[in-house]
Amino acid sequence: MTSEELGTGGAPEWNPEWASWAAAAREEFPRAQSALMPFLHRVQTDEGWLRPEALDAAAHYLELPRQYVESVVSFYSLFRTEVTGHRTIHVCMSLSCALAGSDALLHNLEEALGVRVGQTTPDGAYTLLEAECLAACDLAPACQVNLRYVGPVPPERFQTLLEEEVSTREDA
Amino acid sequence: MKTLDRHYLLRHRDVPGIDTLQGYEADGGYSGLKKALAEFEPDAIVDLVKASGLRGRGGAGFPTGLKWSFLAKDGRPRALVVNADEGEPGTFKDRELIEHNPHQLIEGMLIASYATRSPESFIYIRGEFLHGHEVLQRAIAEATERGYLGDRVLGTDFSHHMYLYRGAGAYICGEESALLESLEGRRGNPRLKPPFPAVAGVYGLPTVVNNVETIANLPPLILNGAEWHRQWGTEKSPGLKVMSVSGHVTRPGNYEVPLDATLRELVEMAGGVRTGHQVKAVIPGGSSMPLLPAGQLDTPIDYESLVQAGSMLGSGGCIVMDDSTCIVAAVARVVRFYRDESCGKCTPCREGTYWMTDVLDRLEGGQGELGDLDTLLDVADNINGKAFCPLGDASVGFMVSAIRNFRDEFVEHITGRTCPLGARLYDTVNY
Amino acid sequence: MVVDAAATVGIDIPVYCYHQALGPLGACRICLVEIEKMPKLMTACTTAATDGMVVHTQSQAAEKGRRGILEFLLINHPLDCPICDKGGECFLQDYVFQYGAGQARFEEAKIQRHKEYPVSPYILVDQERCVLCQRCVRFMGEYVGEEELLMDGRGVHTVITNVPGIPLTSPFSGNVIDLCPVGALLSEPYHYRARPWNIEREDTYCSQCPVGCSSSVTGRDGQVVRLEGRPTPGQWGWLCDHGRFTYDFGAHPTRLTEARLDGEPVTVGRAAQVLGQRLAAVVREHGPDAVAVLTGGSHTVEDHYALRRFADEVLGGSRAGLVKPVEADLPLALLGTFAELDQSDTVLLLGTDPYESAPVVHLALRENVRRRGLVVKALGDRHLLRDTLAGEEWVVEPGGMAAALAAATAGVSEHPDARLAAEGLAPADESLVRLGQALMEPGALTVLWDGREQDLAPALVALARARGEHPTRVLPTFGPRNWLAAARVGIPTDYETSRRILMDAADGRIQVLLLWGADPVRDFPDGDLAARALERCPEVYFGGVFPPDGAELLAGVLPTAAWAEEAGTYVNMEGRLQTGRGAASAPGQARPTRNILQAVARAYGTPLRKLDEWDPYEGTVDDRLVLPPLEGSVRPVSPPPAAESGFRLISGLEVALTHDPSEVAARTKEDRPARMHPADLADLGLLTGSGPVELSSGDRSFRVGVRGDPRIPRGRVFVPRGLRGVPINRLGGIAVAVRAVEEVASR
Ligand SMILES: Cc1cc2nc3c(=O)[nH]c(=O)nc-3n(C[C@H](O)[C@H](O)[C@H](O)COP(=O)(O)O)c2cc1C
Ligand code: SF4
Ligand code: FES
């Protein structure tokens, strides 16, 4: 299958750039299966999550079993295989942040967004996720918005995460 | 504790602008590398590092020079892998070093690679460190342009290529063999040993894996010598350590201290706990380590003293809990972390952390039974020393020490059917 | 490893994740033991046993460790042993019984996961029962090299599954059912069919190809309901799915269960009586030469013995022969063994892809490649290697293998026979010299050969002689499954004998032809000759399990018992005798061959006595046929047929397509059995990569479904031999015209 064939007929499209991204990843990491994660990161940075077609493409361009790709992707918590909002908010739930009130913060965000942790708002604006220790305990409660650190965010100042001008995915 | 005249690792605290090549060079950066290349045979550096007594800062405290000398000597090219997966709860030193002083890491990697005769090195940086990744990308580009990296470094016979590789969210990938699996593009399951990385590491090459901070120690060490390094700390634990202090302190942050500082000194440096509150307990080295109650605050942080006190230095993530802390909730939170981060390969860690988390959640919610405590301790015993990799052991250290030191508080949760402090850790979120 | 060392002294250390074929993993931790001088408990499966090591498997610490692991395994495991297919055959159940704690302490909620989730038409996974030992995943991914099962997720949420929409298709996938130590991977066809206490499980050997894999057959209420792999010393007990899931052939609707005379149902006794009387009359009138017997090589050695004695003693010396689907004869002196294969320095695939023709041999080869770096060589009229079995290969013109082999040998050897075989052939070019060098390498050579191209026999003999004292062995991958049974009892197995018999039948010199399991119209390489024989011979009788092609021409039919319906001996492709036991009963009037032949003999008037006193193993060495010495002269090999324009027909044998009719195995039946290069398909206008085509040669033609396969060279069309309704043996010639046709009927 080539990307051109797959890009036709209303089927979910393969991004024509994927081929060159995969080639670049292979050039940088030619050994073992090392090119896989860099390629997936590149796609996820672009689209916010990994569509099944992206996994098909990874398997195709990197000459790996599709099953292998699936298995690797499912191991890592940063790789998302569900539709993801424009802003992904990670709230750290590990001990130092918990001592600083991250539970209350997460709760406030759930109320404000009307979704549970792990979900995306219906308008696709926000995805709310919990994180394990972000190595930012000095910023407790620490958060990331599209993987940019924000903190400390006391529970009552949850609005910061929704409004403050942090970089979004496009410039990430 | 000897006071420091300046920072050697957190150098950016004294010298702004050091995160660029220009700024770093202006502060004498890369002169350690130049000295190493000009004045040392590789083996002499290994000897120097051995003599300095430098121990790994990633958690286990293994002597760095000795680790290097284990590399297979069969003529195959070797590799250096830098562990920048910093994920141990309470630890955030490597992130600061990477984001603010990246060239010292790169210089240290070049010195380590020259010493171990490694033509290639890899930085495995955790996926959440998006900013750190960008900083390192830029710094590597700068160093390459200036001739520190690439073919014939600074015109010598030493050539070196450095790769930057991003993880994607998995604490277990901090464990060195899981890291190597992940670096090779697989699931991050720890590898069976032997073969050890020193014989077959990344891509099968003889490999050294070192922590970011360990490597950042090398430039000043080369410039100043082994004796300089030994002026700090103790005989067996010499040198400086960046301690991450967090939790109930007023100035959480990283503190660069000699290895004979005490926990109390650290807490004070970090501004102490809120007025009107007392320290209840401290985890000295990240949540994988047993806690020490307030009475043990005068313990020095060197590897030996902390072991003697019943805990470990680990990665130096010092979490301070004051008297408002519900210890049951804290334990529940920590064990949950290991449940979520267990790779799932081995039975005791995978199932044991699940079981303990469920019991602790129940206990924390006031639904415990007295028998639960013995069950928890026995489950912990069935994990401890029986898991495939050290993550299993890590999941029980804090819990066991907490039940030992604060058993009454657990019992009160059970008999009173609620938290005696009225401080439920996650009373708002129910997931 | 400690666990293996313990086993050699009879101490059983429990394991889940460990399997010798897969190597150590250390994941499940059930094998914890206490080793003196070691601070912690150690896993016996990952710790190498050393001299002087003292291991305790029953110490308090070891027992507590093991109990703890079992308890962990049970916390997310449903307690549904009474309804579990593996109940009574489960290692979790066994170990808990043996070592487990009495009282369950886990009172929290178990994680809910998929149950009875199909990962293929044959395999269900019950994720709640899985202990994550990874045997299945590692077997498929590492051992077989077809990564079809995967671990999904992390930590306690890890499950074994497939990618949605991508079922397992590997012909080795069924082995994961056997490998699973608990009831997590289940055979869909066996699911809920039986319970361990109402079945009979007997040792047998798979009946579907000449590998003859050791296996266990499960019978329930007189029917075969399952086939499982059975490890034996030196064999892992793998099966291929074609064998594993064809177990139900005995109950297939097309199975012969009643006797017929001139198309009318009669009792077996009546049919035997009529046959006996007719034979007596014919022999009396025309002599024994007017009768001939052809076996299909699927019945047991004991049956073949009866057949042989019937021809010799009852009929007074009638001819007998074997119908096989290939034209060449194997010099039996060269017959090799699997053990020799495992030690061979060089292995040559000669025209055969064992993945298709003898699947479990493919696994053996792959293991050799993985374990000791064997580089497989291949010579064929198509690409015979595959991703999972890389090596070095030579692809020659259709019909050119014998010439290539002879020229290659002569290119590097001065041996007179090598020269003689290559007489008149073009000298070896550079590439064939490389092949010759590879084949003349010192050490042992094993050739896997599918018996096509008659001239390969002299070419192989020449090669063996040229190699001198370096052993040369051939493992024949062609069927029928039990053709060496004929060799065992002295029925000629050569092509010429059966061709003569069919010629004589076609020429009216034979009055009665007795086909025993033989289907010459479908299988005999000269299908036209076989068809003429059936048409012209006044009376053709058939004994067997499935009706042959041309059944309407038969004077009489006698239904015989099949594999697993009686104990019997089979000879596998290495010439080894293996006796399997019965676990089911023959349906309808089907009777063991011996009983039928005895009845015919009685009616004839010359009873067959003491058939049962014969021991098939008598005179064998290590249960193996005694091979004749390598004798006879070598003849020059004919040059390869001249290249012609148009498509050329090539063929081979595929167990997947030619196994017995089976409703279970039909779930994955390939309805496009022919293969062509995708670019050729595109040229024919078959842009979707498959479709029906018409193959024709002269005035003959037939239709067949074709699919794309880049391993078929351009300009060739591959059609398997022996397929029902795909009579390539009647096209006569290898130049064919191919054209795409409309889909005949929707399937
Ligand atoms: C579960 C687990 C997590 C670990 N995480 C880290 C980590 O994030 N960073 C690190 O440097 N070492 C980590 N380690 C320790 C490494 O395995 C390894 O010992 C270390 O990187 C060696 O470097 P050093 O000798 O310089 O300390 C971890 C170990 C375990 C068992
Ligand atoms: S202890 Fe076992 S399950 Fe846990 S992380 Fe290590 S190998 Fe994985
Ligand atoms: S059999 Fe030893 S760990 Fe699984």
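Definitions and cut-offs
Residues numbered from 1 in each chain as written. Chains lettered and ligands numbered in written order. Predicted model: local features only at pLDDT ≥ 70, side-chain atom pairs only at ≥ 80, totals over all residues. Heavy atoms only, no water. Near = heavy atom within 4 Å. Nonpolar A, V, L, I, M, F, W, Y, C, P; charged D, E, K, R; others polar. Buried < 20%, exposed > 50% of the residue type's maximum accessible area, 1.4 Å probe, protein only. Helix = DSSP H or I, 4+ residues; strand = E, 2+ residues; numbered from the N terminus. Arc of directions from axis to C-beta. Contact = heavy atoms within 4.5 Å. Patch = residues over 30% accessible without salt bridge, like charges linked within 9 Å, V, L, I, M, F, W, Y side chains within 5 Å. Areas by Shrake-Rupley, 256 points an atom, 1.4 Å probe, with all protein chains shown as cover. Salt bridge = Lys/Arg side-chain N within 4 Å of Asp/Glu carboxyl O. Polar contact = N/O pair within 3.5 Å; in protein donor to acceptor, adjacent residues only side chain to side chain. Phe/Tyr/Trp six-rings, centres within 6.5 Å; stacked < 30°, edge-to-face > 60°. Core = buried A, V, L, I, M, F, W, Y, C linked by side-chain atoms within 4.5 Å. 1 Å grid on protein atoms, 1.4 Å probe; cavity = no way out; pocket = protein on both sides within 12 Å on 5 of 7 lines; lining within 4 Å. Points joined across faces, edges and corners; volume = space filled by probe spheres on them. Pairing = 2+ DSSP bridges. Buried area = accessible area lost by both parts, 1.4 Å probe. pLDDT = per-residue confidence, 0-100. Domains from an automatic or database assignment.

Among the 13 residues in the neighbourhood of ligand 2, the closest are listed as Ser342(B), Cys343(B), Cys346(B), Cys349(B) and Cys389(B). Residue composition of the shell around ligand 2, grouped by class: nine nonpolar, three polar and one charged.

Residue and element names in this part refer to chain B. Those residues of helix α3 (residues 42–52) that sit buried are Pro42, Ile45, Val46, Leu48, Val49 and Ser52. All buried residues of α3 lie within an arc of 160° about the axis, which places them on one face of the element. Here the buried face of α3 lies against α2 (31–39), α4 (64–69), α6 (102–116), α10 (218–224) and α11 (226–230). Gly53, located one to two residues past α3, shows a positive phi value of around 75°.

Time to look at a nonpolar patch on the surface. On the surface, Phe62(B), Leu66(B) and Phe70(B) cluster together into a nonpolar patch covering about 260 Å² of accessible area. Exposure remark for Phe70(B): the relative accessible area of 46% places this residue in the partly exposed category.

Residues and elements named next belong to chain B. Near ligand 1 there are 18 residues, and of these Gly58, Lys67, Asn210, Asn211 and Thr214 occur at the shortest range. Residue Gly174 places a main-chain N or O atom 3.2 Å away from a nitrogen atom belonging to ligand 1. Compared with its free state, where it exposes 610 Å², ligand 1 has 89% of that area covered by protein. Of all elements in the fold, only β4 (207–211) and α17 (390–405) reach the threshold of two or more residues within the shell around ligand 1. Looking at which element gives the most residues to the shell around ligand 1, the answer is β4, with three residues. Across the shell around ligand 1, the residue classes break down as four nonpolar, eight polar and six charged.

One pass over the structure, following the stated rule, counts 36 aromatic pairs over all chains. Taking the centre distance of 6.0 Å and the plane angle of 45° together, the rings of Phe29(A) and Tyr163(B) count as tilted. In this pair, Phe29(A) sits in the loop between α2 (18–28) and α3 (36–47) while Tyr163(B) sits in strand β3 (residues 161–166), so the two residues belong to two different chains. Overall, Phe29(A) belongs to the buried group, its relative accessible area being 4%. When its relative accessible area of 17% is taken as the criterion, Tyr163(B) is described as buried.

A separate point is the nonpolar core. One finds Phe39(A), Tyr76(A), Met399(B), Phe410(B) and Phe139(C) to be the most contacted residues of the largest nonpolar core, which totals 189 residues. Here this core gets 10 residues from one element, more than from any other, and that element is helix α14 (residues 327–341) of chain B. With 88 residues, the next largest nonpolar core counts Leu322(C), Leu348(C), Leu379(C) and Leu514(C) among its residues.

To continue, consider empty space enclosed by the protein. What the rule picks out here adds up to nine cavities of 30 Å³ or more. Taken as a whole, the second largest cavity encloses approximately 110 Å³ of empty space. Around the second largest cavity sit 15 residues that line it, and Glu351(B), Asn76(C), Arg113(C), Cys130(C) and Leu132(C) are the ones nearest its centre. Secondary structure elements with two or more residues in the lining of the second largest cavity: α15 (347–364) of chain B together with α2 (60–75) of chain C.

Once that is clear, we can look at the environment of Val43(A). Residue and element names in this part refer to chain A. Mapped onto the elements, Val43 comes out in helix α3. Note on Val43: relative accessible area 1%, which makes it buried. Sequence separation between Val43 and Glu17 is 26 residues, and the spatial gap between their C-alpha atoms is 9.5 Å. Those residues in contact with Val43 that lie beyond four places of it in its chain are Trp18, Trp21, Gly48, Trp49, Leu50 and Ala54.

Now for the pairing of strand β26 (residues 647–652) of chain C. Residues and elements named next belong to chain C. The element β26 is extensively covered by neighbouring structure, given that six of its six residues are classed as buried. Here β26 shows a buried face lined by Phe647, Leu649 and Ser651 and a second buried face lined by Arg648, Ile650 and Gly652. Of the strand pairs in this sheet, β26 and strand β31 (residues 735–740) are connected by two bridges, and their pairing is antiparallel. Across the sheet, Phe647 pairs through a bridge with Val736, a residue of β31. Across five bridges, the pairing between β26 and strand β30 (residues 716–720) is parallel. Within β30, the position partnered with Gly652 by the bridge is Pro720.

Our focus in this paragraph is the interface of chain B and chain C. Facing 33 residues of chain B, the contacting portion of chain C comprises 36 residues. Note on chain B versus chain C: buried area summed over both sides is about 2,800 Å², and carbon and sulfur give 53% of it. Of all residues in chain B, the largest losses of buried area upon contact with chain C belong to Tyr354(B), Trp355(B) and Lys386(B), amounting jointly to 22% of the total for that side. For the interface between chain B and chain C, the tally reads five salt bridges. Where Lys64(C) meets Asp381(B), a salt bridge forms, and the shortest distance between an N and an O atom there is 2.7 Å. Along the contact surface separating chain B from chain C lie 19 residue pairs in polar contact (both at pLDDT 80 or more).

The next point concerns the interface of chain A and chain B. The partner chain B presents 62 residues to the 47 residues of chain A that form the contact. Summing both sides of the interface, chain A and chain B together bury roughly 4,200 Å²; the carbon and sulfur share of this comes to 57%. Of all residues in chain A, Arg31(A), Phe75(A) and Leu95(A) bury the most surface against chain B, accounting for 16% of the area lost on that side. Viewed at the interface, chain B and chain A are joined by four salt bridges. Across the pair Glu134(B) and Arg148(A) runs a salt bridge, and its minimum N-O distance is 2.9 Å. The tally of links between chain A and chain B comes to 22 residue pairs in polar contact (both at pLDDT 80 or more).

Moving on, we get to the confidence of the model for chain C. Scored by pLDDT, chain C has a mean of 95; 99% of the residues are at 70 or more. Complex prediction metrics read pTM 0.95 and ipTM 0.94.

Turning our eyes to something else, we now look at the domain arrangement of chain C. Residue and element names in this part refer to chain C. For chain C, the domain assignment lists domain 1 (2–192), domain 2 (259–325 + 482–607), domain 3 (332–476) and domain 4 (647–740). Spacing between the C-alpha centres of domain 2 and domain 4 amounts to 31 Å. Contact residues are listed per partner, giving 14 residues for domain 2 and 10 residues for domain 4. In total, about 980 Å² of surface goes out of reach between domain 2 and domain 4, with carbon and sulfur atoms giving 41% of it. Of all residues in domain 2, the largest losses of buried area upon contact with domain 4 belong to Arg522, Asp528 and Phe546, amounting jointly to 54% of the total for that side. Applying the counting criterion to the domain 2 and domain 4 interface returns two salt bridges. Between Asp528 and Arg700 there is a salt bridge, with the nearest N and O atoms lying 2.7 Å from each other. Inspection of the domain 2/domain 4 interface yields eight residue pairs in polar contact (both at pLDDT 80 or more). Of the residues belonging to the side of domain 2 that touches domain 4, the class tally is eight nonpolar, one polar and five charged.

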